[in-house]
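So the chains spell out like this:
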Amino acid sequence: MLSMVTNIIVPSADSRRDAGTNTKQEDTSFFDNALCLHVLSGTIYANHPIVVGGGLIYPSTDDLFSADTSQDRSDASGVALARKLNAPRFLKAFGIILLDDLSEHDAALIGKRATIIKDFEIGLADPVSTSPMGTPSGDIPWHLETVLRQVRSPILTGAGVRIGMLDTGIDTSHSEFSGKHISYMEFDERGFRVSSQPQDFGDHGTHSAGIAAGSTCGIAPDADLAIAAVFTKPDRSGNRGTLSQILAGYNWLVNANHAAPGQPVSRCSIINSPLGGRGYNDELYDLIDTCLKSARSLLISAIGNTGQLGRDNHASPGNYDTVLGVGATDMTETVAEFSDWGFEPVHSVHKPDMSAPGVDILSCIPGDQYAKKSGTSMGAALVAGAGALIIQKYPQLAQNPRSLMIKLLKAVDVSPVNMSENRDREGDSRIGMGRLDLSRI
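Presented here is a report on the structure given in the accompanying data block. (Residues numbered from 1 in each chain as written. Predicted model: local features only at pLDDT ≥ 70, side-chain atom pairs only at ≥ 80, totals over all residues. Heavy atoms only, no water.)

**A look at the layout of surface pockets**
This is how it is decided: Lining residues are defined by having an atom within 4 Å of a point belonging to a cavity or pocket. Those points lie on a 1 Å grid over the protein atoms alone, cavities being sets where a 1.4 Å probe fits but cannot get out and pockets being open sets with protein on both sides within 12 Å along at least five of seven lines. Grid points are joined across faces, edges and corners, and a volume is the space filled by probe spheres set on the points. Numbering goes from the N terminus for both helices and strands, where a helix is a DSSP run of H or I of at least four residues and a strand is a run of E of at least two.
Roughly 380 Å³ of internal volume is contained in the second largest pocket. Put simply, the parts of the chain that give the lining of the second largest pocket at least two residues each are β7 (121-123), β15 (277-278) and β17 (315-316). Looking at which element gives the most residues to the lining of the second largest pocket, the answer is β7, with 3 residues.

Written out as structure tokens, the structure reads:
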């Protein structure tokens, strides 16, 4: 039996206009019946049930499209039926549709109204080393001592802020997360929801979550978490996920209400991603740009772990101008050898934007254990947690990703920039604007 091929359908501006939908990118974060019917008109999907959020709806029933966007549909039986029917999935954050196994006839029709992107796999920026260890010593981990400068305010702990993470999952039973509210959803390679029962398909997700919001290893110990398990396929070089899987997880992070039942609506103002797509990916850039404009969340991403290959090997989306790309430093304020850097010519930006501790970073792993890992994704998780502290201090930044990015870029120690070890042969900075320093917020 042949495996299904998922296609990412991006409606054109003409299609939005013809369907009576506003063509401005910032107005695409809602389900539009007319747009879907227009794009799918004449295909086998024309009057097919469609997945919106977590539930299955039918285009012929107009009143189902007026759902309260503060709540996320999660009808398990509807999702199971949708998977069986190969139902189209509409991702509100991007204004796109996921479709499986298009016939030549349907592809020709849809191709007149939208761009069709064939799905592909993307790896995460897997750590370059891991050192398992037993119970922590009780001393403050070096990565926290470095960025906090021993000036942690008893007020700034990330309370009231939720950090979204695209990763391998999480072990919520770990003592680092005791008492913390964690929203979780697993997605399959076609972008369907699989389960809301937390698990980690490796240990990267648990480790990163601990750096961001663990009780003893985390920079924002009182922040809540939303985890989208999208890197669920093991690989020799680390877990992988499909673009459809990642976009579906991203869509859930920014659109769902992650609050516990009976609690106020809780959204993710920060999304942390360890994506490691080599080079510059045009399709991913356009989709993330749309999401940033409509969903009002800042994407923070690891810049990549192939620095030993030289400059300009940085990874998407950390090399995008709209994404905060983070590099890694060690205890001596030196950029790690593996930390990527260079110039991205499409938007004329130097990367990374900033760096943070990313060598021998102590955090939790599944089974109530701990480990030290090295990688730029460790630094990115630390910066994501720092963003939660900034939002707690300046709540107006929760829906202003560009201003939040600027604030984070100002919260750096610039002195390591002038160290000769942190500049390449051309004199360009490998550390970005500096190393994270929360005494400056």
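Still more to cover.
**Side note on the packing of helix α9 (residues 376-393) against helix α10 (residues 401-410)**
Note the threshold: Axes, fitted as lines to C-alpha atoms, cover a helix only where it is in contact. Angles between the N-to-C directions of the axes lie from 0 to 180 degrees. Small angles under 35 degrees read as roughly parallel and large ones over 145 as roughly antiparallel, with 65 to 115 read as roughly perpendicular and the rest as oblique. Any pair of residues with heavy atoms lying within 4.5 Å of one another is described as a contacting pair. Three classes are used, and their members are as follows: Ala, Val, Leu, Ile, Met, Phe, Trp, Tyr, Cys and Pro are nonpolar, Asp, Glu, Lys and Arg are charged, and the others, Gly among them, are polar.
In contact at an axis separation of 10 Å, α9 and α10 are set at 110° when each is read in the N-to-C sense. The angle between α9 and α10 falls in the class roughly perpendicular. Contacts between α9 and α10 involve Val 383, Ala 386, Gly 387, Ile 390 and Ile 391 from the first element and Leu 404, Lys 407 and Leu 408 from the second. Looking at the contact of α9 with α10, its residues break down into 6 nonpolar, 1 polar and 1 charged.

**Description of the nonpolar core**
Note the cut-off: The set of buried Ala, Val, Leu, Ile, Met, Phe, Trp, Tyr and Cys residues whose side-chain atoms join them within 4.5 Å is what this entry labels a nonpolar core. Relative accessibility thresholds used throughout: buried, under 20% of the residue-type maximum; exposed, over 50%; partly exposed, between the two (1.4 Å probe, protein chains only).
Counting residues in each nonpolar core, the largest one holds 57 residues, and the members touching the most others are Ile 219, Leu 225, Ile 300, Leu 324, Val 383, Leu 408 and Leu 436. Among the elements that make up this core, the one with the highest residue count is α9 (11 residues). Grouped together as the second largest cluster of nonpolar side chains are 37 residues, Ala 256, Cys 268, Tyr 320 and Val 323 included.

**Some details on the sheet that holds strand β22 (residues 361-365)**
Applicable threshold: Pairing between strands requires that DSSP locate at least two bridges from one strand to the other.
Spatially, the 3 strands line up as an open sheet ordered β8-β23-β22, and their pairing is antiparallel. Of all strands in the sheet, those with a lone pairing partner are β8 (129-133) and β22, marking the two edges. Each neighbouring strand pair of the sheet contributes to a mean axis angle of 35°, computed without reference to strand direction. Where β22 lies against strand β23 (residues 369-374), 5 bridges are found, and the strand directions are antiparallel. What sits directly across from Ser 363, in β23, is Ala 371.

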